[in-house]
Amino acid sequence: MTQMSPPGWHTDPGYTGIGPVQERWWDGYQWTDQLRVPPAALRRRRVRIGAAVTAAVVVLAAVGGGLYLLTDGSGNTTKSAAVSPSGPPSGAPSQPDSPGGSGGGGESQNPEQQDPLTPQTEAGYATDAASGVSIPVPKGWTGQSGAVGAGVTTGTYTCPTGTDDSGKAATCVRGGVFSAPAAALKLSATTARAAAQKDISGNAQESYGDTSGGITSHQQLKSEAVTVAGQKGYLVRWKVVTKKGDDGYVQSLAFPSPSASHMLVVVRSGFDINAKAPKLSVMDDITQGIKAASGSGTGSGQST
């Protein structure tokens, strides 16, 4: 970057090649210490990694020994995987000598420095550092870890309808499972049951309604208590019927974070009803395989 470059989000120049790629905020003068997970459109029907967590800049802060989520409050949404500059992070410095800057004149970060929010990954799992959970990556699927949010997907194809920000046809996947702190999804529910019941309609709309011409009806298949990652949670599962393209199964699962019991985690799942899509039993397998993040290992999270 140069001093002539405008403020914006760009690939972290200090990325070491270990763990997921992060974006760092350039304030127009220097690199700051603000990082985020890049927007991504890997989820079918344009739901982002981490179940739309990147709709707002989410920052973790350690306060009184607990993890708290802070957002920039802008409400801006992102619909593509492009890394073009978007809104600045809350409290981002705007002058060369502002606190929090980390290098002047566009100099890159020390490659040996590892940001504390970058999650360590474990082979065969996608880790959501904020939620404190790891999602198993089934054979042949692709996993993506993140500081806030994680996901696993399989089977990309062109969506029946809809376009991305560049005007090109939107990309969907046959199956996807994504995690995020409930607060990042703007869910104010205080119990796992209430969070799952509240989230399922939004999950269905973002998974199938936006790029299938709309949802015409749904059938509730499950609404039950479950134990996930050693925590007592709750899940709701629907079968949805769409106007165009494949119908699908959607599931919203909520449970307390294994690393912070005061914080709820939401895991959204969506599978097409199609011979090329994963079987519904795989959704159960992934749900049962979610575990507390171990914080060890250096795997990419991709299963072969």
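Residues numbered from 1 in each chain as written. Predicted model: local features only at pLDDT ≥ 70, side-chain atom pairs only at ≥ 80, totals over all residues. Heavy atoms only, no water.

Trainee: Just to check I follow, could you spell out the sheet that holds strand β6 (residues 125–128) for this structure?
Mentor: Sheet strands associate in pairs through backbone hydrogen bonding, adopting either a parallel or an antiparallel arrangement. Read from one edge to the other, the open sheet built from 3 strands follows the order β6-β7-β15, with strand pairing classed as antiparallel. Looking at the sheet topology across the chains shown, the edges are occupied by β6 and β15 (291–292). Here β6 runs beside strand β7 (residues 133–136); their pairing, made up of 4 bridges, is antiparallel. Paired with Tyr125 across the bridge in β7 is Pro136. Most of the contacts of helix α3 (residues 280–289) go to β7, to which it runs at about 150°, and overall it touches β6, β7 and β15. (Pairing = 2+ DSSP bridges. Helix = DSSP H or I, 4+ residues; strand = E, 2+ residues; numbered from the N terminus. Contact = heavy atoms within 4.5 Å. Axes fitted to C-alpha atoms, helices over the stretch in contact; angles between N-to-C directions.)

Trainee: Where do I start with the sheet that holds strand β9 (residues 150–163) in this structure?
Mentor: Taken together, the 7 strands give an open sheet; going across it, the order is β8-β9-β10-β14-β13-β12-β11, and neighbouring strands pair in antiparallel fashion. The open sheet is flanked by β8 (142–144) and β11 (215–228), the only strands paired with a single partner. Neighbour-to-neighbour, the strand axes of the sheet open up by a mean angle of 30°, direction not taken into account. As paired elements, strand β12 (residues 231–242) and strand β13 (residues 248–256) share 7 bridges and run antiparallel to each other. Looking across to β13, one finds that Tyr234 is bridged to Ala254. In the packing of helix α2 (residues 192–209) onto the sheet, the strands contacted are β11, β12, β13 and β14 (264–272), and the crossing angle to β13 comes to about 145°. The strands that α3 touches are β9, β10 (169–181), β11, β12, β13 and β14; relative to β14, the one it contacts most, it runs at about 160°.

Trainee: Would you explain the packing of aromatic side chains in this entry?
Mentor: The geometry of two aromatic rings is summed up by the distance between their centres and the angle between their planes. Counting across every chain of the model gives 2 aromatic pairs. Arranged with centres 5.1 Å apart and planes meeting at 65°, the rings of Trp26 and Trp31 form a pair that is edge-to-face. Assigned by exposure class, Trp26 and Trp31 land together as buried. Taking the centre distance of 5.8 Å and the plane angle of 50° together, the rings of Trp141 and Phe271 count as tilted. Here Phe271 lies in strand β14 and Trp141 lies in the loop between β7 and β8, a separation of 130 residues in the sequence. For Trp141, a relative accessible area of 5% gives the class buried. (Phe/Tyr/Trp six-rings, centres within 6.5 Å; stacked < 30°, edge-to-face > 60°. Buried < 20%, exposed > 50% of the residue type's maximum accessible area, 1.4 Å probe, protein only.)

Trainee: Any chance you could explain the pattern of salt bridges here in plain terms?
Mentor: Any two side chains of opposite charge can pair, so long as their charged atoms come close to each other. Applying the stated criterion across every chain yields a total of 8 salt bridges. Between Asp272 and Arg174 there is a salt bridge; the shortest N-O distance is 3.1 Å. With Asp272 in strand β14 and Arg174 in strand β10, the pair connects residues that are 98 residues apart, well separated along the chain. Overall, Asp272 belongs to the buried group, its relative accessible area being 2%. (Salt bridge = Lys/Arg side-chain N within 4 Å of Asp/Glu carboxyl O.)

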